[in-house]
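Listed below, chain by chain, are the residues.
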Amino acid sequence: MADSGDQFEAAMLKVKAHFDREEYDRALPLCAKALQSKPDSAMVRRCRVFALLSLSKWAEALQACEGYATREEAFGFERAYCLYRLNRFQDALAAIDKGKSTGEDESTLKRLEAQVRYRMGEYENCARMYEGLYEEDPDEPGLLVNAVASRVSGDQPQQALRMMAQMEDHLETSYELCFNLACALIDDGRPEEAEQRLEQAKGICVRELAEAEETPDEDIHLLDNHEELAAINVQRACVLQRSGLSDKANELYSSVLKHSGSGKDVDVTVLAVACNNVVALRSQGKSLFDSLKRINVASKEVLEHKLTRKQQIEIGTNKLLLLLQARKIGEARKELARLDESFPGHPRVVVLQAAIAYTEKKGKDCEEVLTAYLKEHPGTEEVLVALSQLHSQHNRVDLAVAALTQLPVERRANPRMVEMIVAVHQKQKTPEKAVTCLREAIDYWKGKADGEDEQTFAAVLRIAARLAMELKDKVFAAEVFKLYLEKIDGSDSEALCGLVAALAGTSPDEAEQYAQRLQLPDYGHLDPEELELSAIPKVGGLFKKREAKDAEGEGAEKAKSAKTKKKKKIRYPKSYDPENPGPPPDPERWLPKRERTEFKKKMKKRDRVMLRGPQGAMPADDNAFRKQGPSTAQVEVSKDKSTGRNQGRRKQGKK
């Protein structure tokens, strides 16, 4: 027994040494050997489970947890974590509830539950859980990072921005927090601010990498293509893509994909997003084979539980549209069935179903699919916009406007939607309805112009001002410019000039009051007496000098171009003398012979029958189809000479 005890102690010492060096593959067989010596040892059991988890052997670790579970050692957290990594989320939640009942660390189980709910797409519950955990432990910035990520993934960017408004101090130390804040700004339509946050995130990340890898200052630029920066570079490319700088965005995407193929361990979700965005950059029908190849990489089944719901539906949509461009209707229907199974009732799936019907030139079926969904889910933005576009393509502008007016007020008041509705009304030549739509949007945002809503309100007012100037509606223009100066920016000189111009025709007194607020240039440094005594500048002389200088410049340029031009030697045809050219060549010499003027078409013998008409008919002049030449009808034939052809031969034979 003493020997087995010594062997156990020696094995455990080796296990500890391997754990310290993170050599879990070497520690695992030693754990099994120690477990044979003492099968009831709780410490050895935990060591073996820890080694299996560190080696990502989730199935074996789950089996070990279920085999070792006792009243004293429930392995509740470890079992739930294995189920989470095996994508068995409902079983993981049940294991977490069981772990809470057995008295395990509730805070740790809550963090795991929040992560499980994030993978299940329950972003609202996940964000609330992370926010509650951060309130309990404000010294852990990772909880705030996950809370912001949950809000962004759940299409709630404004709540994420509101949360981060009071956490500016954390942004200087956490590049993940800067990155998530940039994602929220992108979704909120603020690309300039998002670019600044991404640059800040890149700077923090490069600094941390340089410290971790002990990189000297002169070699820091080599870290620009580090795999940790891939996500930041892809997001920067996304900002450029939304800003219309497609070439620069494509360069960034290509650099990330190129470095991932050179052996760098780039995250698979980052590569999937890069492949999808590269495909979205290309115009319709361009590089279809390569696009399908890239989109297949982005839509692998192994990525199903790693991508967010928003990313999955975007990638699936692009894949289906590519299949429709390639005329692969059968494969597109299979992809639609997969999306419908993964996201039942999602409006994007209905729009894609309508797109398949439209590609097959079934316009009626396309309209029926969209209207049937709207009966069950009225006010769905994506479906209403698709229906409006369908009506607009069929020149049914009134129905297109009616579809857009079914949107809820908060969606109709969105700047992009307002601009779309105004454009449709202008196409229909009903400007009064466009003004009514803008007034509705202004009234909606007037009471909400606080904080993050102020920029949205400003965008709506700019659209309204542009339309008022086009319609020359001075009353509406004055109202819009007043609101902009009162609610947005009172020092905006352009809005102030517009207000003065609009009030000049309707209310001159009020226009003078606002004109006094205009900051005119200061001329106090000029002496009026000196200006009066100075000579009047000869404007005409200045213009003449300028014209003469321009003429001299043009003449110099012409002379320079004349000098640079070389006179080429004329090449004549062979045996052609330019001094004695002779008669001019035939202008029709390059035409085929049958197309020349001198050509006379000869009728062939087989064509005569075709021109005689129906059977039995004869032409009016029977000589029309006979050769014209000297007639031999009146020529006398000598009778003394034999006309027979073989007569001479017969006589010779009789001799």
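Residues numbered from 1 in each chain as written. Predicted model: local features only at pLDDT ≥ 70, side-chain atom pairs only at ≥ 80, totals over all residues. Heavy atoms only, no water.

- As annotated in an unreviewed UniProt entry, the protein is Signal recognition particle subunit SRP72 from Prorocentrum cordatum.

A closer look at the overall build of the protein
- Looking only at helices and strands, the protein features 32 helices and 0 strands.
- Relative to its full complement of 655 residues, the protein shows a buried share of 35%.
- Long-range contacts, defined as pairs at least 24 residues apart, comprise 50% of the intrachain contacts of the protein with a sequence gap of at least 6.
- Accessible surface, the protein as shown: approximately 43,100 Å² in total, 50% of it carbon and sulfur. (Helix = DSSP H or I, 4+ residues; strand = E, 2+ residues; numbered from the N terminus. Buried < 20%, exposed > 50% of the residue type's maximum accessible area, 1.4 Å probe, protein only. Contact = heavy atoms within 4.5 Å. Areas by Shrake-Rupley, 256 points an atom, 1.4 Å probe, with all protein chains shown as cover.)

Brief notes about the nonpolar core
- Ranked by internal contacts, the top residues of the largest apolar core, which has 42 residues, are Tyr130, Leu144, Val148, Met164, Leu177 and Ile232.
- Counting only elements with at least two residues in this core, the list comes to α7 (106-119), α8 (123-136), α9 (141-153), α10 (157-164), α11 (175-187), α12 (191-213) and α13 (230-242).
- Here the element with the most residues in this core is α11; it accounts for 10 residues.
- Val266, Val270, Leu292 and Leu323 belong to the second largest nonpolar core, which has 38 residues in total. (Core = buried A, V, L, I, M, F, W, Y, C linked by side-chain atoms within 4.5 Å.)

Side note on helix α19 (residues 347-359)
- In this model, α19 (13 residues) spans 19 Å end to end at C-alpha, consistent with the 18 Å of a helix rising 1.5 Å per residue.
- Three or more residues of α19 are buried, namely Pro347, Arg348, Val349, Val350, Leu352, Ala354, Ile356 and Ala357.
- Looking at the buried positions of α19, the neighbouring elements they touch are α17 (309-325), α18 (329-342), α20 (363-376) and α21 (381-393).
- Phi turns positive, to about 60 degrees, at Lys361, one or two residues after α19. (Expected span 1.5 Å × (residues − 1).)

Here's the deal with empty space enclosed by the protein
- Under the counting rule described, the total for this entry stands at 1 cavity of 30 Å³ or more.
- Roughly 80 Å³ of internal volume is contained in the largest cavity.
- At the level of elements, α13 and α14 (246-260) are the ones that each hand at least two residues to the lining of the largest cavity.
- Among the elements that take part in the lining of the largest cavity, α14 stands out by supplying 3 residues, more than any other. (1 Å grid on protein atoms, 1.4 Å probe; cavity = no way out; pocket = protein on both sides within 12 Å on 5 of 7 lines; lining within 4 Å. Points joined across faces, edges and corners; volume = space filled by probe spheres on them.)

Some words on the environment of Met167
- In this fold, Met167 is placed in the loop between α10 and α11.
- Residue Met167 is classed as buried on the basis of its relative accessible area, which comes to 18%.
- It is 9.3 Å that separates the C-alpha atoms of Met167 and Leu144, two residues lying 23 residues apart in sequence.
- Sequence-distant contacts of Met167, that is, excluding residues within four places in its chain, are made with Tyr134 and Leu144.

A closer look at the packing of helix α2 (residues 24-37) against helix α3 (residues 42-54)
- Running from N to C, α2 and α3 cross one another at 155 degrees; their axes reach a closest spacing of 9 Å. The orientation of α2 with respect to α3, classified from their angle, is roughly antiparallel. Relative to α3, the crossing made by α2 is left-handed. Side by side, α2 and α3 meet where Tyr24, Leu28, Cys31, Ala34 and Leu35 of the first sit next to Val44, Arg45, Cys47, Arg48, Phe50, Ala51, Leu52 and Ser54 of the second. (Axes fitted to C-alpha atoms, helices over the stretch in contact; angles between N-to-C directions. Parallel < 35°, antiparallel > 145°, perpendicular 65-115°, else oblique. Left-handed = near helix turned anticlockwise from the far one by under 90°.)

So, the packing of aromatic side chains
- Scanning the entire structure with this criterion turns up 8 aromatic pairs.
- Aromatic pair Tyr24 and Phe50: ring centres 5.7 Å apart, planes at 75 degrees, arrangement edge-to-face. Remark: Phe50 occurs in helix α3 and Tyr24 occurs in helix α2; sequence separation between them is 26 residues.
- Members of the aromatic cluster, joined through ring pairs, are Trp58, Phe77, Tyr81, Tyr84 and Phe89. (Phe/Tyr/Trp six-rings, centres within 6.5 Å; stacked < 30°, edge-to-face > 60°.)

A closer look at the environment of Tyr514
- Inspection of the secondary structure puts Tyr514 in helix α29 (residues 508-515).
- In contact with Tyr514, other than residues within four places in its own chain, are Lys482, Leu496, Leu499, Val500 and Leu503.

Notes on the side chain of Glu335
- Inspection of the secondary structure puts Glu335 in helix α18.
- Not counting the four nearest positions on each side in its chain, Glu335 is found in contact with Gly316, Lys319, Leu320 and Leu323.

Quick word on a nonpolar patch on the surface
- Together, Tyr523, Leu526 and Leu531 make up a nonpolar patch on the protein surface, roughly 330 Å² of accessible area in all.
- As for its position among the elements, Leu526 is in the loop between α29 and α30 (528-533). (Patch = residues over 30% accessible without salt bridge, like charges linked within 9 Å, V, L, I, M, F, W, Y side chains within 5 Å. Salt bridge = Lys/Arg side-chain N within 4 Å of Asp/Glu carboxyl O.)

Thoughts on the pattern of salt bridges
- A full pass over the atoms with the stated rule returns 25 salt bridges.
- Across the pair Arg338 and Glu335 runs a salt bridge, and its minimum N-O distance is 2.5 Å. Note that Arg338 and Glu335 are positioned in helix α18 at a spacing of 3 residues, about one turn of the helix.
- Taking the shortest distance from any N to any O, the salt bridge between Arg466 and Glu419 comes out at 3.2 Å. Placement of Arg466 in helix α26 (residues 453-471) and of Glu419 in helix α24 (residues 415-427) is noted, with a sequence separation of 47 residues between them.
- Taking the relative accessible area as the measure of exposure, Arg466 reaches 41% and is therefore partly exposed.
- Judged by its relative accessible area of 39%, Glu419 falls in the partly exposed class.

Quick notes on helix α15 (residues 268-281)
- Here α15 contains 14 residues, and its C-alpha end-to-end distance of 20 Å stays within 8% of the 20 Å for a straight helix at 1.5 Å per residue.
- Buried residues dominate α15, accounting for 11 of its 14 residues.

So, a negative patch on the surface
- A contiguous patch of negative charge on the surface is contributed by Glu176, Glu208, Glu211, Glu213 and Glu228.
- Top element by residues in the negative patch is α12. It accounts for 3 residues.
- Along the polypeptide, Glu211 turns up in helix α12.
- Since its relative accessible area comes to 62%, Glu211 is described here as exposed. (Lys, Arg positive; Asp, Glu negative; His and termini not counted. Charge placed at Lys NZ, Arg CZ, Asp CG, Glu CD.)

What to know about the confidence of the model for the protein
- Scored by pLDDT, the protein comes out at a mean of 77, with 81% of its residues at no less than 70.
- Here residues 637-655 is a poorly scored stretch, pLDDT under 50, and it has 2 contacts once near neighbours within four places are set aside; other chains count. (pLDDT = per-residue confidence, 0-100.)

Digging into unusual backbone geometry
- Phi is positive for Asp155, which is not a glycine, with a value near 60 degrees.
- Among the secondary structure elements, Asp155 is positioned in the loop between α9 and α10.
- Judged by relative accessible area, which is 51%, Asp155 ranks as exposed.
- Even without a glycine there, the phi angle at Arg327 is positive, about 60 degrees.

Examining the packing of α20 against α21
- For the pair α20 and α21, the least separation of the axes is 10 Å and the interaxial angle reads 150 degrees. For the element pair α20 / α21, the angle class is roughly antiparallel. The hand of the α20/α21 crossing is left-handed. Contacts between α20 and α21 pair Gly363, Cys366, Glu367, Leu370, Thr371, Tyr373 and Leu374 from the former with Val383, Leu384, Ala386, Leu387, Leu390 and His391 from the latter.
- For the contact of α20 with α21, the residue count by class is 9 nonpolar, 3 polar and 1 charged. (Nonpolar A, V, L, I, M, F, W, Y, C, P; charged D, E, K, R; others polar.)

Description of the side chain of Gln235
- When you line up the elements, Gln235 lands in helix α13.
- Take Gln235: its relative accessible area is 15%, and that puts it in the buried class.
- In contact with Gln235, other than residues within four places in its own chain, are Phe179, Cys183, Ile186 and Leu198.

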